[in-house]
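Single-letter residue listing:
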Amino acid sequence: MAQTAAAPTTAVPAITPISGKAIAPWAVFFGILMLVLLYFVGAEQGATSVISGTGVHEWVHDGRHLLGFPCH
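Everything numeric in this text was worked out from a predicted model, so none of it was measured.

## Section: the overall build of the protein
The number of helices and strands found in the protein is three helices and zero strands. In the protein, buried positions account for 10% of the 72 residues. For the protein, long-range pairs separated by at least 24 residues make up 19% of all intrachain contacts whose partners lie at least 6 apart in sequence. As displayed, the protein offers around 6400 Å² of accessible surface, 72% of which is attributable to carbon and sulfur atoms.

## What to know about the environment of Leu37
Mapped onto the elements, Leu37 comes out in helix H1 (residues 20–42). A relative accessible area of 44% means that Leu37 is categorised as partly exposed. Each C-alpha atom of the pair Leu37 and Val60 lies 9.7 Å from the other, and the pair is 23 residues apart in sequence.

## A word on the packing of aromatic side chains
Per the counting criterion, the structure on display carries three aromatic pairs. Ring centres of Trp26 and Phe29 lie 6.3 Å apart, and the angle between their planes is 90°; on these two criteria the pair is classed as edge-to-face. Highlighted residues: Trp26 and Phe29, both in helix H1, separated by three residues, approximately one helical turn. With centroids separated by 5.2 Å and ring planes inclined at 65°, the aromatic side chains of Phe29 and Phe30 adopt a geometry described as edge-to-face. Classification of Phe29 as partly exposed rests on a relative accessible area of 45%. Site record: aromatic cluster; members linked through ring pairs are Trp26, Phe29 and Phe30.

Basis of the calculations
Residues numbered from 1 in each chain as written. Predicted model: local features only at pLDDT ≥ 70, side-chain atom pairs only at ≥ 80, totals over all residues. Heavy atoms only, no water. Helix = DSSP H or I, 4+ residues; strand = E, 2+ residues; numbered from the N terminus. Buried < 20%, exposed > 50% of the residue type's maximum accessible area, 1.4 Å probe, protein only. Contact = heavy atoms within 4.5 Å. Areas by Shrake-Rupley, 256 points an atom, 1.4 Å probe, with all protein chains shown as cover. Phe/Tyr/Trp six-rings, centres within 6.5 Å; stacked < 30°, edge-to-face > 60°.

Written out as structure tokens, the structure reads:
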């Protein structure tokens, strides 16, 4: 006598798409953050310095060379 067992069914959750309006503020925030970081790594020294001294320059020195910015 052959019996077949029904396979258990599991509900697959539906994936809801994220709208552009929900992503836009985060994209703007991270874009501005990246521009600020790029400024500190690439241009924070000398005549354009926002923060006086060489502290910021020393903190980002290796990153500056890694990204190809000249500093000395």
